[in-house]
Amino acid sequence: MFNTVTENLSQIQEDIVPYKPNIIAITKYFDVDAIIAAYEAGLRNFGESRVLEAIDKINRLPEEIKKNSTFHFIGHLQGNKAKKAVKYFDYIHSVDSFKLASTISQEAKEENKVQKIFLQLNIAEEVQKFGYSKSDLVEEFPKIQGLSNIKIVGLMSMAPLGAEENELRQLFTDVAKTKSELEKIYNCKLDELSMGMSQDYKIAAQCGATMLRIGRKLFR
C-alpha cells in the first residue's frame, strides 16, 4: 500500500505543478492501513464522509498520526451527528443550511472550540446533490457569519460526474468568483476553496482550489 500511495501521490503532485493545493486523502472506502500508508508517504490531511466509521478509524490510529493529522468531514452531515463531528473533525466541508450551521455552532460552544467550516455550494444546481444555490448562499452568508464558535474558511463544491472539461472549468471558475464576491460584499477573508476530486483535480487546481479531495486516484 505504501508504494502505491507514494507513486500515485508523486503523479498527482506532478499533474498540478505549479499549483500547491493541500491534498486531502479521502479514506472513506479504505481502512486504517491506508491512512497509515498515506501518512508515511507525507500526507497529513484525511477526509471521511461517515461520522461513526471515521471515529472508529481515528481511534484505532497510532497516537503520532492522530496528533499530527488534520481530519476533514466531507459528507452530508445530519444534525444529530454534529456533536460527534465537532469533537473529532478539524474541518467540516459540507455545511448546507443555517440550521446545520447553528447546530454546529452550539456543539462547538459546548466543546469550547471554534469549528472551521466550509459552506457547500451546489454550483451546478443538481437536484440530487446537497448544497446552497449561489443566490441562497449570498443571502444566508451573514447569518452564518454571525454565529459564535464557528469560522467560515471557504467554499466547497462538487462538479457533476462526467462533465466535460469546458464545463468543469466554468463551474470551478464560478465557485472561485462566488468566493471573491462574498469577500467583497461582506468584507471578509475566505482562504479556502475545497473542490476537485480524483476525476477532475487537475482542472480544479488550475481554477484556484486550495484543497483537493482525492481517494481512488491516490489509493488504487
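Heads up: the structure comes first, above all this text.
Residues numbered from 1 in each chain as written. Predicted model: local features only at pLDDT ≥ 70, side-chain atom pairs only at ≥ 80, totals over all residues. Heavy atoms only, no water.

Draft legend 1. A look at the overall build of the protein. On a plain count of helices and strands, the protein comes out with 10 helices and eight strands. The globule rule puts the C-alpha radius of gyration for 220 residues at 17 Å, and the 17 Å found for the protein is close to it. Considering only C-alpha atoms, the protein reaches an extent of 45 × 45 × 30 Å along its principal axes. Scored against the burial criterion, the 220 residues of the protein give a buried share of 50%. In the protein, once contacts between residues fewer than 6 apart in sequence are set aside, the share between residues at least 24 apart is 64%. Entry remark: accessible area of the protein is about 10,800 Å², with carbon and sulfur atoms responsible for 46%. Where the 30 positive side-chain charges of the protein centre and where its 30 negative ones centre are 3 Å apart. (Helix = DSSP H or I, 4+ residues; strand = E, 2+ residues; numbered from the N terminus. Rg over C-alpha atoms; globule rule 2.2 N^0.38 Å. Buried < 20%, exposed > 50% of the residue type's maximum accessible area, 1.4 Å probe, protein only. Contact = heavy atoms within 4.5 Å. Areas by Shrake-Rupley, 256 points an atom, 1.4 Å probe, with all protein chains shown as cover. Lys, Arg positive; Asp, Glu negative; His and termini not counted. Charge placed at Lys NZ, Arg CZ, Asp CG, Glu CD.)

Draft legend 2. Looking closely at the packing of aromatic side chains. Tallied over the full model, the rule gives five aromatic pairs. Consider the rings of phenylalanine 30 and phenylalanine 219, whose centres lie 4.7 Å apart with planes at 35°: the pair is tilted. Pair noted here: phenylalanine 30 is in the loop between β1 (22–26) and α2 (32–40) and phenylalanine 219 is in helix α10 (residues 216–219), with a separation of 189 residues, a long-range link. With a relative accessible area of 13%, phenylalanine 30 lands in the buried category. Exposure remark for phenylalanine 219: the relative accessible area of 5% places this residue in the buried category. Centre to centre, the rings of phenylalanine 73 and phenylalanine 89 are 5.3 Å apart; their planes meet at 70°, and the pair counts as edge-to-face. (Phe/Tyr/Trp six-rings, centres within 6.5 Å; stacked < 30°, edge-to-face > 60°.)

Draft legend 3. Expanded view of the nonpolar core. Among the nonpolar cores identified, the biggest contains 68 residues, and Leu77, Ile92, Ile104, Ile117, Leu119, Ile144 and Leu218 are the most heavily contacted of them. Membership of the second largest hydrophobic core comes to eight residues, among which are Ile24, Ile74, Tyr91 and Phe118. (Core = buried A, V, L, I, M, F, W, Y, C linked by side-chain atoms within 4.5 Å.)

Draft legend 4. The environment of aspartate 200, seen in detail. Looking at where aspartate 200 falls in the secondary structure, it is placed in the loop between β7 (192–194) and α9 (201–206). With 32 residues separating them in the primary sequence, aspartate 200 and leucine 168 have C-alpha atoms 7.7 Å apart.

Draft legend 5. Up close: the packing of helix α7 (residues 134–145) against helix α8 (residues 165–186). Close contact between α7 and α8 brings their axes to 11 Å; oriented N to C, the two are set at 45°. On the basis of their axis angle, the class for α7 and α8 is oblique. Note on packing geometry: the crossing formed by α7 with α8 is right-handed. Here α7 contributes Lys134, Leu137, Val138, Phe141, Pro142 and Gln145 to the contact with α8, which in turn contributes Thr178, Glu181, Leu182, Ile185 and Tyr186. Its residues assigned to classes, the contact of α7 with α8 comprises seven nonpolar, two polar and two charged. (Axes fitted to C-alpha atoms, helices over the stretch in contact; angles between N-to-C directions. Parallel < 35°, antiparallel > 145°, perpendicular 65-115°, else oblique. Left-handed = near helix turned anticlockwise from the far one by under 90°. Nonpolar A, V, L, I, M, F, W, Y, C, P; charged D, E, K, R; others polar.)

Draft legend 6. Layout of the pairing of strand β3 (residues 70–73). Where strand β2 (residues 45–48) meets β3, four bridges bridge the pair, whose relative direction is parallel. Residue phenylalanine 46 lies in a different strand from β3, and its bridge partner there is phenylalanine 71. The pairing of β3 with strand β4 (residues 91–95) spans two bridges and is classified as parallel. The residue bridging phenylalanine 73 from the neighbouring strand is isoleucine 92, located in β4. Handedness of the crossover is the feature at issue here: the chain leaves β3, passes through helix α5 (residues 82–88), returns alongside β4, and the resulting connection is right-handed. (Pairing = 2+ DSSP bridges. Right-handed = clockwise from strand over helix to strand, strands pointing away.)

Draft legend 7. Main features of helix α6 (residues 98–110). With 13 residues, α6 should reach 18 Å at 1.5 Å per residue; the first-to-last C-alpha distance of 18 Å fits that figure. Taken together, the buried positions of α6 are Leu100, Ala101, Ile104, Ser105, Glu107 and Ala108. Elements that come into contact with the buried residues of α6 comprise α5, β4, β5 (115–120), α7 and β6 (150–156). Looking at the residues trailing α6, positive phi occurs at asparagine 112, about 55°. (Expected span 1.5 Å × (residues − 1).)

Draft legend 8. Molecular detail of the side chain of glutamate 48. Note on placement: glutamate 48 falls in strand β2. By relative accessible area, which is 6% here, glutamate 48 ends up buried. Not counting residues within four places of it along the chain, the set of residues in contact with glutamate 48 comprises Thr27, Lys28, Ile35, Ala54, Lys57, His72, Phe73, Ile74, Gly75 and Phe89.

Distances and angles like these do not, on their own, reveal function.
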